[in-house]
Amino acid sequence: MVVTVDGPAGTGKSSASRLLARELGFAYLDTGALYRAIALAARRDGVEEAAESELAAWLAKVPLEAKPTDGRFLVLLDGQDVEPFIRNEAISQLASRLSALAPVREHLLGLQRSAGERGDLVAEGRDMGTVVFPRAEAKFFLTASEQERARRRWLQLGQSGQHVDPAEILADLRRRDQRDSGRSLSPLRPAGDATVLDTTPLSLSQVVATMARQVR
Ligand code: C5P
């Protein structure tokens with residue numbers, strides 16, 4: 001069974017999806033981490049500004065892997081866990097910019113779908129319910145007010161020792177949302193059969209409980 005969780009940045013999708021997967025005994029796939037890993041590799045290899053045809057050739061050689069480990073898929077680049085290097089604003093913006101390009105989306109499609117073939121999965125991202133797993137048995141689209149999303153992102157960054165001006169966080173969220181919703185390929189939008197959940201007034205455990213109930 002595949003459960004999809006989509007929505008804009010800062011809605012708490014990642015935390016909710018991780019906990020939902022644990023509660024259901026499903027594996028968890030964070031597809032944003034795959035786009036972030038591509039951004040990290042592009043920066044490392046100096047191809048951020050490359051033409052699409054050049055990017056396609058480059059992507060074929062990027063040693064990117066989603067490796068099932070302890071109930072979740074670890075994203076590895078050159079066999080190394082990318083997690084410590086991808087949670088910053090520069091990578092967020094570059095991931096958002098590169099994710100609008102066809103070669104990048106096509107490259108990651110197969111990797112994401114093969115994760116779904118390995119067993120029960122909670123897949124989280126922007127286009128899980130619309131494009132990657134259109135036949136998923138349960139689909140959610142999480143939203144929250146802009147202020148609440150900025151507050152959650154601020155708390156999250158603070159926990160990892162990054163102290164960013166809240167106004168800057170809000171501006172970043174707006175820029176990314178606009179780009180993610182306005183692009184022509186796999187734009188951010190709820191699937192027709194997704195349950196839209198406004199998480200503004202809800203605690204994390206309430207969000208997880210609501211989703212788990214519906215999946216069961
Ligand atoms: O979810 P996260 O904020 O980590 O995703 C980083 C960026 O990757 C998003 O802003 C979006 O542009 C892109 N993304 C995407 N499709 C997905 C997951 C992420 O385009 N399924």
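Because the structure is a prediction, the values reported are computed rather than measured.

Side chains that differ in sign of charge can pair as their charged atoms come close. Applying the stated criterion across every chain yields a total of 14 salt bridges. Measuring nitrogen to oxygen at the nearest pair gives 2.7 Å for the salt bridge that ties Glu146 to Arg174. Placement of Glu146 in helix α8 (residues 146-159) and of Arg174 in helix α9 (residues 166-182) is noted, with a sequence separation of 28 residues between them. Between Asp177 and Arg149 there is a salt bridge, and its shortest N-O distance comes to 2.7 Å. Pair noted here: Asp177 is in helix α9 and Arg149 is in helix α8, with a separation of 28 residues, a long-range link.

We now examine the pairing of strand β6 (residues 121-125). Most of β6 sits out of view: 5 of its 5 residues are buried. Along β6, one buried face is formed by Leu121, Ala123 and Gly125 and the opposite face, lined by Val122 and Glu124, is buried too. Pairing of strand β1 (residues 2-6) with β6 involves 5 bridges; the strand directions are parallel. The partner of Val3 across the bridge, within β6, is Val122.

Around the ligand, the surrounding shell holds 15 residues, and the nearest of these are Arg36, Arg105, Arg126, Arg176 and Asp180. Take Arg126: an N or O atom from its side chain is 2.9 Å from an oxygen atom of the ligand. Asp180 places a side-chain nitrogen or oxygen 2.7 Å from an oxygen atom of the ligand. When the ligand is considered free in solution it has 450 Å² of accessible area, and contact with the protein chains removes 98% of it. Elements that contribute at least two residues to the shell around the ligand include exactly α2 (31-45) and α9. At 4 residues, the largest contribution of residues to the shell around the ligand is made by α2.

According to UniProt, the feature "binding site: ATP" (unreviewed entry) maps to Gly7, Pro8, Ala9, Gly10, Thr11, Gly12, Lys13, Ser14 and Ser15 in the numbering used here. Tracing the chain through its elements places Gly10 in the loop between β1 and α1 (13-24). When near neighbours in sequence (up to four residues on either side) are disregarded, Gly10 contacts Arg149, Arg152 and Arg153. Assignment of secondary structure puts Lys13 in helix α1. Those residues within four positions of Lys13 in sequence are excluded, and the remaining contacts are Val5, Asp6, Gly7, Pro8, Glu124, Gly125, Arg126 and Leu142. At 3.1 Å, the side chain of Lys13 forms a polar contact with the backbone oxygen of Gly7.

Rules of the game
- Residues numbered from 1 in each chain as written.
- Predicted model: local features only at pLDDT ≥ 70, side-chain atom pairs only at ≥ 80, totals over all residues.
- Heavy atoms only, no water.
- Salt bridge = Lys/Arg side-chain N within 4 Å of Asp/Glu carboxyl O.
- Helix = DSSP H or I, 4+ residues; strand = E, 2+ residues; numbered from the N terminus.
- Buried < 20%, exposed > 50% of the residue type's maximum accessible area, 1.4 Å probe, protein only.
- Pairing = 2+ DSSP bridges.
- Near = heavy atom within 4 Å.
- Polar contact = N/O pair within 3.5 Å; in protein donor to acceptor, adjacent residues only side chain to side chain.
- Areas by Shrake-Rupley, 256 points an atom, 1.4 Å probe, with all protein chains shown as cover.
- UniProt positions renumbered as here; feature names shortened; annotations may be inferred.
- Contact = heavy atoms within 4.5 Å.

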